[in-house]
Amino acid sequence: MAQRSTETASSPWAVVALDKFCTPEHTQKSQWRRSRRTMLTWLTGKRAAEQQAKEEHELRLLPEVKLAHLVPNIDWSPVADRLAQALREQEVANEPVVFFITPPYGGHAAVISHWAKQQSVRCLMAPTHQELTEGSLDWVERCGHLDRWALPALERHMLRHTQGLQGVREFLERALSGRLGRGVIGCDSWTYAYLQQAVGIEGAPAFTLQGMEGKQLADYFASIAYNGQNGLTVYSTRTGRQVLTSQPSAQKVAQEAERKASTHKELQRLAAHCRGHLGVAWHYWRKRLREPAQQDDPDASELWLLDALADAELPADTGDVALLVLHALLLHGGLEDQALGDVLPFSHHEALNARLALARQGILSREDGRWQVAALSYASVRQLLASRNYLVDPL
Amino acid sequence: MDDQKQYARLFNDMDSQTFITLGIILASVILLIIASQRGLNWLANRLHGQVRFRIFALVPLTRLLILLTALAIAVPIVIEPSLRNMVTLLGAIGLAIGFALKDYVSSLIAGVVSAIELPYRPGDWVDIEGTYGEVKHVGMRTVEIQTPDDDLVAMPHLKLWDSAVYNANNGGTSLQCVANFYLHPEHEADGVRKALRDVALTSAYLKFDQPIIVVAEEKPWGTHYRIRAYPVDPRQQFLFITDLTVRGKQVLSRAGIKPALLPPDAALDTPKGVPDIHRRR
């Protein structure tokens, strides 16, 4: 995977061909740092504590209301605009199927839904769990032939199961041959990697959101806090240095300082840790922002960012059962307990026990009734799966 | 009288200081070997993938290096290391080995060869003379193999000279597994081939960077199908085969395909000379 330099960073919302995706600068360094930390934790039996400029007990969680203003949900509609532009520019108008791939929390379903709304294109419905487990092709028949169509989340159309593959194989065969009309498919990067092997979708154009650098993350977080209107200054608890400022007066000073010294180092570290994925970085930003416990002025905007690496990480000696659960969840973009039991080679009871243990450790979180790898654990889970030779996503 | 002087010159003067030095060298060698072997095994057992095998491969090599270093230090203390002395000493040792300790020393030498040629190393799955299992420890004289039945078999390195060593993963993480299906001759073979391939593709244990092959072979009693595929980790081989077999049977049964029924006096033919590892897998 290529890495690019900060200097060449471009627009925060760049939609690029899948093979043009680059991880941010220092991604490899971030992985080594994580490995070293895991090794130290494993050898010493306790979490290796790094020197902190500000101790965590001096800080407190932000109230939900304040957090909602500081870090509102990501609006994916600009990405839909970029995707539409990319589809026009890349001359893929005649392709029967175009994929838009993002990693977990990358927002592909929202982007495709926005795109479909903008283009007045019909979204195809996902099959039911029963249809998937029975290998029914009814949902494929329901798709019919449309001039243009969109499918927001392909991971909802398959199960890693002999029956669960039948429908998606038939659907992709029809879609790739153009029998369904022209469509845009949103797909989780892990599901895409699996379907490439299991079904074979080589040759269909695939786009993704380019990985973000620290500078782009800084710009993005500054712009969403109070819609970019109010002042915001964030310091790192690790270094005590300023990570971000959106105060108009201070911004100029910061820009000046940026030329002299390398700022955004902490956010570059975060970008590298998250492999440039905005969705994952957004969760870090939202969950690791703190304010001073003793704050005299309630309107003061001084905030602190906890160290990105001190998150819920898997121990290096994690067993096979836990890894199989994590891998299954990633390949399906999250699963309910019933479906999880269907795709694992052990009983539902064992699968549930493993899932409960991971949820207790904070490695899993529940979103829309589905269990998935928590955003703050994603980087370490991906690295661990790669180190154990499991199939990993291309992003 | 002259002969006595000549033999006396072979060895250096041995005083108490020399014995203490030799004792310290011996104790250090024992301690270093124990520490390096336990340490490296401990570390490798906590790692996964290729790194695990690389560290395992260091175990016998480290021991060999420690022994050679100790010999290089100890020999000049005991004897005057001239050509004549060395020839005399080696001749005497050779004579003793030839008569009394031939097999023992042959195993030791084969142990040195195994540390250099690496026909097996800890973590490998090997079959030596019908004993199949994971190499747990490569000692000086024997290699310890843990069988799937949890027996620990100590196999002398001596076997290296005249026995075939079947190494299923050869220091890597790729180990081919075979799941067998024996089906009634009346069925739609192409459908079975695709279904069995899907069974492998949907296994949680499957390693994707290796091929999946479904082999069909016609027999007088029916059709013998084999799924050849690789698990993510060699240690998952039995779980992987079980998963393929259980789900394969489910899929075939759902498709209404009957298993082959052998006549009571028929036995499955296994070619002679094929080791147990291949029959089992």
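Residues numbered from 1 in each chain as written. Chains lettered and ligands numbered in written order. Predicted model: local features only at pLDDT ≥ 70, side-chain atom pairs only at ≥ 80, totals over all residues. Heavy atoms only, no water.

**Here we look at the sheet that holds strand β6 (residues 177-183) of chain B**
All names here are of chain B. Ordered by their spatial adjacency, three strands build an open sheet running β6-β8-β7, and the pairing between neighbours is antiparallel. Among the strands making up the open sheet, the edge pair consists of β6 and β7 (213-219). For this sheet, the mean inter-axis angle between neighbouring strands, taken without regard to orientation, is 20 degrees. As judged from the seven bridges shared by β6 and strand β8 (residues 222-229), these two strands associate in the antiparallel manner. In the sheet register, Val178 faces β8, and the bridge partner there is Arg228. Contacting β6, β7 and β8, helix α7 (residues 189-201) runs over the sheet at an angle of about 30 degrees to β8. The sheet strands contacting helix α8 (residues 237-254) are β6 and β8, and the helix crosses β6 at an angle near 25 degrees. (Pairing = 2+ DSSP bridges. Helix = DSSP H or I, 4+ residues; strand = E, 2+ residues; numbered from the N terminus. Axes fitted to C-alpha atoms, helices over the stretch in contact; angles between N-to-C directions. Contact = heavy atoms within 4.5 Å.)

**As for the packing of aromatic side chains**
Residues and elements named next belong to chain A. Overall, the coordinates contain 13 aromatic pairs over all chains when judged by the stated rule. Residues Phe221 and Trp285 carry aromatic rings whose centres are separated by 4.4 Å and whose planes lie at 5 degrees to one another, so their mutual orientation is stacked. A residue pair is termed long-range when its members are at least 10 positions apart, and Phe221 in helix α9 (residues 214-224) and Trp285 in helix α12 (residues 278-287) qualify at 64 residues. On the basis of relative accessible area, Trp285 is assigned to the buried category, the value being 1%. Aromatic ring contacts, followed pair by pair, group Trp13, Trp76, Tyr220, Phe221 and Trp285 into a single cluster. (Phe/Tyr/Trp six-rings, centres within 6.5 Å; stacked < 30°, edge-to-face > 60°. Buried < 20%, exposed > 50% of the residue type's maximum accessible area, 1.4 Å probe, protein only.)

**Structural notes on helix α15 (residues 348-360) of chain A**
Residue and element names in this part refer to chain A. Here α15 spans 18 Å end to end across 13 residues, near enough to the 18 Å set by a 1.5 Å rise per residue. Those residues of α15 that fall on the buried side of the exposure criterion are Ala351, Ala354, Arg355 and Leu358. Buried residues in α15, looked at end-on, bunch into an arc of 100 degrees, giving them a common side. Opposite the packed face of α15, turned more than 90 degrees from it, sit the exposed residues His349 and Arg360. Buried residues in α15 make contact with α13 (320-331), α14 (337-343), β12 (364-367) and β13 (370-373). (Expected span 1.5 Å × (residues − 1). Arc of directions from axis to C-beta.)

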